[in-house]
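Structural features, examined
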Amino acid sequence: MTQNLANIALVVGDYDEAIAWYTQVLGFTLLQDTDLGDGKRWVRVAPPGASGTALLLAQAVTEAQRTRIGDQVGGRVGFFLHTDDFATDHAAMSARGVRFAEDPREESYGTVAVFVDLYGNRWDLVQLKG
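As a starting point, this report considers the structure included with it. (Residues numbered from 1 in each chain as written. Predicted model: local features only at pLDDT ≥ 70, side-chain atom pairs only at ≥ 80, totals over all residues. Heavy atoms only, no water.)

1. Examining the pairing of strand β2 (residues 29-37)
Keep this limit in mind: Pairing between strands is defined by DSSP: at least two bridges between them are needed. Where helices and strands are cited, they refer to DSSP runs of H or I of at least four residues and of E of at least two residues respectively, numbered from the N terminus.
Where β2 lies against strand β3 (residues 40-46), seven bridges are found, and the strand directions are antiparallel. Residue pairing across strands places D35 opposite R41, the latter belonging to β3. Between the end of β2 and the start of β3, which pair antiparallel, lie two residues, with D38 showing a positive phi angle near 55 degrees.

This is how it looks when you write it as structure tokens:
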């Protein structure tokens, strides 16, 4: 048996603003934007070169969902973007307006810096050692 993680849902405030931020600012690729009717869409984005897992941008429709926008994991880092060229990606993301919450730092596992998306979700940009 083979399994893989296909999509991770990220609750967003608005499809179009989320698509714009993840594609134009973060540099992700829009994989799919399908109208499902009644204002719902199936929207998937992923980093360039990603194989497999994508973010499913899910627009909040209930009050409970709206309260989760930007704080889906209780304020901790909940998303991890791996790179093979930290310095280049950090510089490019900074130039496009990504807000880093800290300066890059060296850890036992690699180089890392926390950034926040347009809603306040915390992400790690990581280049693993070796």
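Having seen the model, we can carry on.
2. Thoughts on the sheet that holds strand β1 (residues 7-12)
Defined as follows: Here the axes come from fitting lines to C-alpha atoms, over the contacting stretch only for helices, and the angles between their N-to-C directions go from 0 to 180 degrees.
One open sheet holds the four strands; their spatial order is β1-β4-β3-β2, and the pairing between them is mixed. The two strands at the open ends of the sheet, each matched to only one other strand, are β1 and β2. The mean inter-strand angle of the sheet, taken between neighbouring strand axes irrespective of direction, is 25 degrees. Across six bridges, β1 lies against strand β4 (residues 54-59) in parallel orientation. What sits directly across from N7, in β4, is A54.

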